Amino acid sequence: MNKTSVTSFTYHKTAEGSRLSATYSEISEDGRLIRSNERFNVIVTDEEIQGCIDKINTFLESKIPT
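Residues numbered from 1 in each chain as written. Predicted model: local features only at pLDDT ≥ 70, side-chain atom pairs only at ≥ 80, totals over all residues. Heavy atoms only, no water.

Details of the pairing of strand β3 (residues 33-43)
The two faces of the sheet receive side chains in turn, since in a regular strand these alternate between them.
Part 1: Both strand β2 (residues 17-27) and β3 contribute to a ladder of eight bridges, which runs antiparallel. Residue pairing across strands places Leu20 opposite Val42, the latter belonging to β3.
Part 2: The turn joining β2 and β3, which pair antiparallel and follow one another in sequence, is formed by five residues; a positive phi near 90 degrees is taken by Gly31. (Pairing = 2+ DSSP bridges. Helix = DSSP H or I, 4+ residues; strand = E, 2+ residues; numbered from the N terminus.)

Written as structure tokens, this is what we have:
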């Protein structure tokens, strides 16, 4: 079975709402790279996920150097 992993993600506020953009890679059982840094986007509609995004954003804002 191939292994697929998210390699990065970002959050954006857009006219449609909260958007998550992510990249992923897929590797075969024998270690061959099938897909690398493929991109996809989703609009966040789940309130629990939005709460997690808000929590991460608050954490990052508290780390902004002053």
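Resuming the write-up.
Considerations on the sheet that holds β2
Part 1: Taken in spatial order, the three strands of this open sheet run β1-β2-β3, and their pairing is antiparallel. Two strands bound the open sheet, and with one partner strand each, they are β1 (3-14) and β3. Averaged over all pairs of adjacent strands, the angle between their axes in this sheet comes to 15 degrees, without regard to strand direction. (Axes fitted to C-alpha atoms, helices over the stretch in contact; angles between N-to-C directions.)

Examining the pairing of β2
Part 1: In the sheet, β1 pairs with β2 via eleven bridges, with the strands oriented antiparallel. By the bridge assignment for β2, Tyr11 is matched with Leu20.
Part 2: What sits between the antiparallel neighbours β1 and β2 is a turn of two residues.

A closer look at the environment of Glu26
Part 1: Its location among the elements puts Glu26 in strand β2.
Part 2: The class for Glu26 is buried, based on a relative accessible area of 10%.
Part 3: Sequence spacing of Glu26 and Glu38 is twelve residues, and the spatial spacing of their C-alpha atoms is 8.9 Å.
Part 4: Reaching out from Glu26, the side chain makes a polar contact with the side chain of Asn2 at a distance of 2.9 Å. (Buried < 20%, exposed > 50% of the residue type's maximum accessible area, 1.4 Å probe, protein only. Polar contact = N/O pair within 3.5 Å; in protein donor to acceptor, adjacent residues only side chain to side chain.)

Describing the pattern of salt bridges
Part 1: A full pass over the atoms with the stated rule returns three salt bridges.
Part 2: Across the pair Arg35 and Glu26 runs a salt bridge, and its minimum N-O distance is 2.2 Å.
Part 3: Residue Arg35 is classed as partly exposed on the basis of its relative accessible area, which comes to 37%. (Salt bridge = Lys/Arg side-chain N within 4 Å of Asp/Glu carboxyl O.)

Some words on the side chain of Ser18
Part 1: Along the polypeptide, Ser18 turns up in strand β2.
Part 2: Engagement of the side chain of Ser18 in a polar contact is seen with the side chain of Gln50, the distance being 2.6 Å.
Part 3: The contacts of Ser18, once residues within four sequence positions are left out, are Tyr11, His12, Val42, Ile43, Val44 and Gln50. (Contact = heavy atoms within 4.5 Å.)

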